[in-house]
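This is what each chain is made of:
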Amino acid sequence: MPPTTRSQTKWARCEMSEVSIVTISGPPQGAPSIELDPHVAYLLRLADDNLVLAQRLGEWISRGPDLEEDIALGNIGLDHLGVARNLLTHAGEVEGAGRDEDELAMKRTERQYLNLVLCEQPNGDFAQTMARQLFIDAWQVPLWEELSESTNETLAGIAQKAVKEARYHLRHSATWVVRLGDGTSESHGRMQAAVDRLWRYTGEAFLGDDVDEEMMARGIGVEPTLLRPRWLETVTGVLEEATLEAPEDDYIRAGGRLGYHTEHLGHLLAEMQWMQRTYPGATW
Amino acid sequence: MTYDVPDTGEEFLTESDAAEGYPLWEVFVRQRRGLSHVHSGSLHAPDAETALQAARDVYTRRQEGASIWVVPSTSISAFEPEAALDFYEASGKEYRHATYYQIPDEVGQM
Amino acid sequence: MSAAAPIDPEARFQSIVDAEDKIEPTDWMPEGYRKTLIRQIAQHAHSEVIGMQPEGNWISRAPTLRRKAILMAKVQDEAGHGLYLYSAAETLGVSRDEMFDLLHRGKHKYSSIFNYPTLTWADMGAIGWLVDGAAITNQVMLTRCSYGPYARAMVRICREESFHQRQGYEILLTLCRGTHEQQEMAQDAVNRWWWPSLMMFGPSDSESSHTEQSMAWKIKRVSNDDLRQEFVDMTVPQAEFLGVSLPDPDLAWNPERNHYDFGAIDWDEFWAVVKGDGPLNRERIEHKVKAWEDNAWVREAAVAHGAKKRRETAA
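Predicted model only: the values in this text are computed from it and were never measured.

Caption draft 1: View of the overall build of chain B. Scanning chain B from terminus to terminus reveals 2 helices and 3 strands. Listing each helix as α and each strand as β along chain B from the N terminus yields β-β-α-β-α. Counting every position in chain B, which comprises 110 residues, the buried fraction comes to 32%. Partitioning the contacts of chain B with sequence separation of at least 6, the portion at a separation of at least 24 is 41%. Roughly 7500 Å² of accessible area belongs to chain B as shown, and the carbon and sulfur atoms make up 52% of that amount.

Pasting the structure below:
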């Protein structure tokens, strides 16, 4: 059983299943870990993934390759936004400090956001967006399937709704990755470049820490490493059909789960939170 | 949204250099069990899989339980009613219509 | 019934129209009817698509998650409406790609209202209330249009439109009941969007060369001036309820006419915007063209992949 990362581990080296030794890059020496109730942290992590994705997908509106795809991306964004809102509301209730979905979304800082760094990566071109979505969808399907059995009824309910949407999302992203990988030489080049560029962010989803351990012990959460085999099977299957190479990279950029993000998140939040920070206390 | 866009007097052009795009598909939707598929409109897509996904987004607004058919527009053969004047012999075939027959009331609905 | 005598197709066409029946794609129709409809439906579709830009501008900055979700859904609806309308236009023998090309090259127009910028969050309220309000005034009329596919697309659009105007009004209501800064924001937005909304109905019918023919063909059912008056009469009480003033010193109820009198529209501004010299005409088209051209490789890949699959299946 590979050792899971603890929240204070920095430059760890560990085995990821039977494949290889990888280097995990996370918060550096001296960076404190986030103090938060594990149940709240667990929910915020999943909420933030979906909120950040929704924000990214919304950027495609009026910029898509065609009208049908504009609608598709907008709808997928709306799905992620819906899941985020459900999880944020639930997290606020569990926390019991009176924070609602907007308090949590609009008033937390870039060090308090707990999404996977993969989610905050820019849209780039359509290939990069589809690569990001494929990597997320292939993880969210088994994630929501497992969480549908959570002993926490609210989380199970959210997961049961989310899994239906995630299957639809996976169909969409997988179809596009195949189409672009096995399309023209230009689309193949762009698709391969996108896969190469984002691969380093995909490992974070399968690292576990004490928050995950605590939630698993309570029967509420799911073991992250458990999801990797299914993710890998889905992704390698799609890449193969798309005539693309899975990168051989022994580096994982992690840290998002601990509030240690890439430089993109700050800008995303600045835009998203602008109104509430400029007009404090107002109702909209 | 509807807007009146005034004619500025420019020559209307139907010619353009637009390249060939995605083919056109006709969409048929059965909203729920018990109904039949109804023609809902059309859309452009490169293949059937995308056409189905797009039809689900556009013509059912992601409704669960809606059944969708997509057909390449070029696959549809059509018959138009104005051709009926040539197609049918209109006289002498009334026996094909149920109202021709008198059924006594005692027999009930038929 | 014996075999019918040959019918004059134009007379037959007009009798269908006069009977409030629908003309369908394979019916004979005058070339002028077909061309006018292509232009009208296409430009209506273009309006929906270009209209996604001003509202799309505020999705990333919507002040709450609920407002973000509503705005995203509204803009998606507009994309869908554009799609229905392009489909309707295609039944007349023009392809969507051709229509895009005409839009990109400036040969096709779209509603003048979308050439104005959305500068504050309150603009989302003003657009929903005024612009969608103006659209709704026009909409019921078009469900009675003589051309079947267009009328049916309009029925579908009307059914989905119900929340668009309400959500805009709700945004403004919240602002008007909010902080002083929010009230000022709302008033500022109304000041900027009122007159452009009146201009949406187009020039006075005495200036419009096509009105009479369009009425005879039942493509247009109510005159521009009548629609504009209907809109003003509906909207003024709504403004009073909000507590915003409308930027027209000549606006006043006229008991003799039983309508609101309103001031003169600046037709110079209107024609400048229609001809391409409004605040954002160039940028709106540049944005559309960029999205289209930057993603050409995506569409080419999809077509290429589709062709590969068909060859494989055939082999």
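Now that the structure is up, let's keep going.
Caption draft 2: Geometry of the packing of helix α2 (residues 31-50) of chain C against helix α4 (residues 65-90) of chain C. Residues and elements named next belong to chain C. Close contact between α2 and α4 brings their axes to 8 Å; oriented N to C, the two are set at 160°. Relative to α4, α2 is oriented roughly antiparallel. Both α2 and α4 take part in a crossing whose hand is left-handed. Residues Ile41, Ala42, His44, Ala45, His46, Glu48 and Val49 of α2 form the contact with α4, whose own contacting residues are Glu78, His81, Gly82, Leu85, Tyr86, Ala88 and Ala89. Split by residue class, the contact of α2 with α4 holds 8 nonpolar, 4 polar and 2 charged.

Caption draft 3: Looking closely at the interface of chain A and chain B. Counting residues at the interface gives 13 residues for chain A and 14 residues for chain B. Taken over both partners, the interface formed by chain A and chain B buries close to 1200 Å², and the fraction arising from carbon and sulfur atoms is 45%. When the buried area of chain A at its contact with chain B is split by residue, A:Glu68, A:Tyr168 and A:Arg179 rank highest and sum to 46% of it. Between B:Asp47 and A:Arg179 there is a salt bridge, with the nearest N and O atoms lying 2.8 Å from each other. Summed over the shared surface of chain A and chain B, the number is 7 residue pairs in polar contact (both at pLDDT 80 or more). Elements with a minimum of two residues in the side of chain A that touches chain B: α2 (67-95) and α6 (153-181) of chain A. Among the residues making up the side of chain A that touches chain B, the classes are represented as 4 nonpolar, 3 polar and 6 charged.

Caption draft 4: Main features of the sheet that holds strand β1 (residues 24-30) of chain B. Strand order in the open sheet formed by 3 strands is β2-β1-β3 (chain B), and the pairing between neighbours is antiparallel. The sheet is open, and its two edges are formed by β2 (38-44) and β3 (67-72) of chain B, each paired on a single side. Pairwise comparison of adjacent strand axes, ignoring direction, gives a mean angle of 30° for this sheet. Judged from the 6 bridges that link them, β1(B) and β3(B) form a sheet pairing that is antiparallel. Pairing of B:Glu26 across the sheet is with B:Val71, part of β3(B). Contacts from α4(C) reach β1 and β2 of chain B, with the element oriented near 95° to β2(B).

Caption draft 5: Just the interface of chain A and chain C, in detail. Of the residues lining the interface, 47 residues belong to chain A; the matching set on chain C comes to 45 residues. Between chain A and chain C the total buried area reaches about 4000 Å² when both faces are included, carbon and sulfur atoms providing 68% of it. Three residues stand out in chain A for area buried against chain C, namely A:Ile61, A:Leu67 and A:Trp284, and they jointly supply 19% of the buried area on that side. The interface formed by chain A and chain C contains 2 salt bridges. A salt bridge links C:Lys308 to A:Asp182; the nearest nitrogen and oxygen atoms lie 2.7 Å apart. Our count for the chain A to chain C interface comes out at 16 residue pairs in polar contact (both at pLDDT 80 or more). Taken together, the elements giving at least two residues each to the side of chain A that touches chain C come down to α1 (38-58), α2, α3 (101-107), α5 (126-147), α6, α7 (185-198) and α10 (264-278) of chain A.

Caption draft 6: Up close: the layout of surface pockets. Considering only enclosed or pocket space, the largest pocket measures out at about 970 Å³ in volume. Every residue lining the largest pocket is counted, 35 residues in all, and those nearest its centre are B:Glu26, B:His39, B:Ser40, B:Gly41 and B:Ser42. At the level of elements, β1, β2 and α1 (48-59) of chain B together with α4 and α7 (148-176) of chain C are the ones that each hand at least two residues to the lining of the largest pocket. Its residues placed into classes, the lining of the largest pocket shows 15 nonpolar, 12 polar and 8 charged.

Caption draft 7: Expanded view of the confidence of the model for chain B. All names here are of chain B. Looking at chain B as a whole, its pLDDT mean stands at 70, while 51% of the residues score no less than 70. The least confident element of chain B, judged by mean pLDDT, is helix α2 (residues 84-87) at 43; the most confident is β3 at 94. Confidence over residues 10-19 falls short of pLDDT 50; this stretch has 20 contacts with residues more than four positions distant or in other chains. When the criterion is pLDDT under 50, residues 83-94 qualifies, and its contacts beyond four places in sequence or with other chains add up to 6 contacts. Among the scores for the predicted complex, ipTM is 0.94 and pTM is 0.90.

Caption draft 8: How the structure looks around the packing of α7(C) against helix α8 (residues 180-199) of chain C. All names here are of chain C. Axis separation between α7 and α8 bottoms out at 7 Å; the angle between their running directions is 140°. By the angle between their directions, the pair α7 and α8 is classed as oblique. Mapping the contact onto sequence places Leu172, Leu175 and Cys176 in α7 and Gln182, Gln183 and Ala186 in α8. When its residues are assigned to classes, the contact of α7 with α8 shows 4 nonpolar, 2 polar and no charged.

Caption draft 9: Examining the packing of aromatic side chains more closely. Under the counting rule described, the total for this entry stands at 21 aromatic pairs over all chains. Note on A:Phe126 and A:Trp176: the rings are 5.0 Å apart at their centroids and 85° apart in plane angle, and the pair reads as edge-to-face. Placement of A:Phe126 in helix α5 and of A:Trp176 in helix α6 is noted, with a sequence separation of 50 residues between them. Judged by relative accessible area, A:Phe126 falls into the buried class, the value being 0%. Between the aromatic rings of C:Phe201 and C:Phe231, the centroid separation amounts to 5.4 Å while the plane-to-plane angle is 45°, which identifies the pairing as tilted. Residue C:Phe201 is found in the loop between α8 and α9 (211-216), and its partner C:Phe231 is found in helix α10 (residues 224-242); the two are separated by 30 residues along the sequence. Classification of C:Phe231 by relative accessible area gives buried; the value is 0%. Clustering of aromatic rings is evident, with ring pairs tying together A:Phe135, A:Trp199, A:Phe206 and A:Trp231. The ring of A:Trp176 has A:Arg179 sitting right over it, with the charged end atom 4.5 Å from the ring centre.

Caption draft 10: The arrangement of α1(B) in detail. Residue and element names in this part refer to chain B. With 12 residues, α1 ought to run about 16 Å at 1.5 Å a step, and its terminal C-alpha atoms sit 15 Å apart, in line with that. When α1 is considered as a whole, its buried residues turn out to be Thr50, Ala51, Gln53, Ala54, Ala55, Asp57, Val58 and Tyr59. At the N-terminal boundary of α1, the capping side chain belongs to Asp47, with an oxygen 3.3 Å from the backbone nitrogen of Glu49.

Thresholds applied
The residue count restarts for each chain, going from 1 along the sequence in the order it is written. Following the order in which they are written, the chains are lettered starting with A and the ligands numbered starting with 1. Thresholds applied to this predicted model are a pLDDT of at least 70 for local features of residues and 80 or more for the giving and counting of side-chain atom pairs; totals over whole chains, interfaces and linings are not thresholded and use all residues. The side-chain numbers reported here are obtained from all heavy atoms of the structure, hydrogens and water having been left aside. What counts as a helix is a DSSP run of H or I of at least four residues, what counts as a strand is a run of E of at least two, and both are numbered from the N terminus. The cut-offs for exposure are 20% and 50% of the maximum accessible area for each residue type, with area from a 1.4 Å probe on protein chains only; residues under the lower value are buried, those over the upper are exposed, and the others partly exposed. A contact between two residues is defined here by any heavy atoms of the two lying within 4.5 Å. The method behind every accessible area is Shrake-Rupley, applied with a 1.4 Å probe, and residues are considered shielded solely by the protein chains displayed. Angles run from 0 to 180 degrees between N-to-C directions of axes, and those axes are lines fitted to C-alpha atoms, restricted for helices to the stretch in contact. Throughout, the term roughly parallel applies to angles under 35 degrees, roughly antiparallel to angles over 145, roughly perpendicular to angles from 65 to 115, and oblique to all others. Crossing handedness is defined as follows: a turn of the near helix away from the far one that is anticlockwise and smaller than a right angle gives a left-handed crossing, while the clockwise case is right-handed. The residue classification treats Ala, Val, Leu, Ile, Met, Phe, Trp, Tyr, Cys and Pro as nonpolar and Asp, Glu, Lys and Arg as charged. All others, Gly included, are polar. Buried surface area refers to the total accessible area, computed with a probe of radius 1.4 Å, that the two partners give up upon joining, counted for both partners together. Whenever a carboxyl oxygen of Asp or Glu lies within 4 Å of a side-chain nitrogen of Lys or Arg, that contact is scored as a salt bridge. Pairs of N or O atoms are called polar contacts if they sit within 3.5 Å, as long as, within protein, a hydrogen donor faces a hydrogen acceptor (for residues adjacent in sequence, only side-chain-to-side-chain pairs). When DSSP finds two or more bridges between two strands, those strands count as paired. Grid points spaced at 1 Å and placed over the protein atoms alone form the basis of the search, with a cavity being a set where a 1.4 Å probe fits but cannot get out and a pocket an open set showing protein on both sides within 12 Å along at least five of seven lines. Lining residues have an atom within 4 Å of a point. Grid points are joined across faces, edges and corners, and a volume is the space filled by probe spheres set on the points. Values of pLDDT, ranging from 0 to 100, describe the predictor's confidence in every residue of the model. Paired rings are identified among Phe, Tyr and Trp, the last through its six-membered ring, by centres lying within 6.5 Å, and are further divided according to the angle between planes into stacked (under 30 degrees), edge-to-face (over 60) and tilted (the rest). Counting as a charge over the ring demands two things of the Lys NZ or Arg CZ atom: a distance within 6 Å of the ring centre and an angle within 35 degrees of the ring normal. For a helix, the expected span equals 1.5 Å multiplied by the number of residues minus one.

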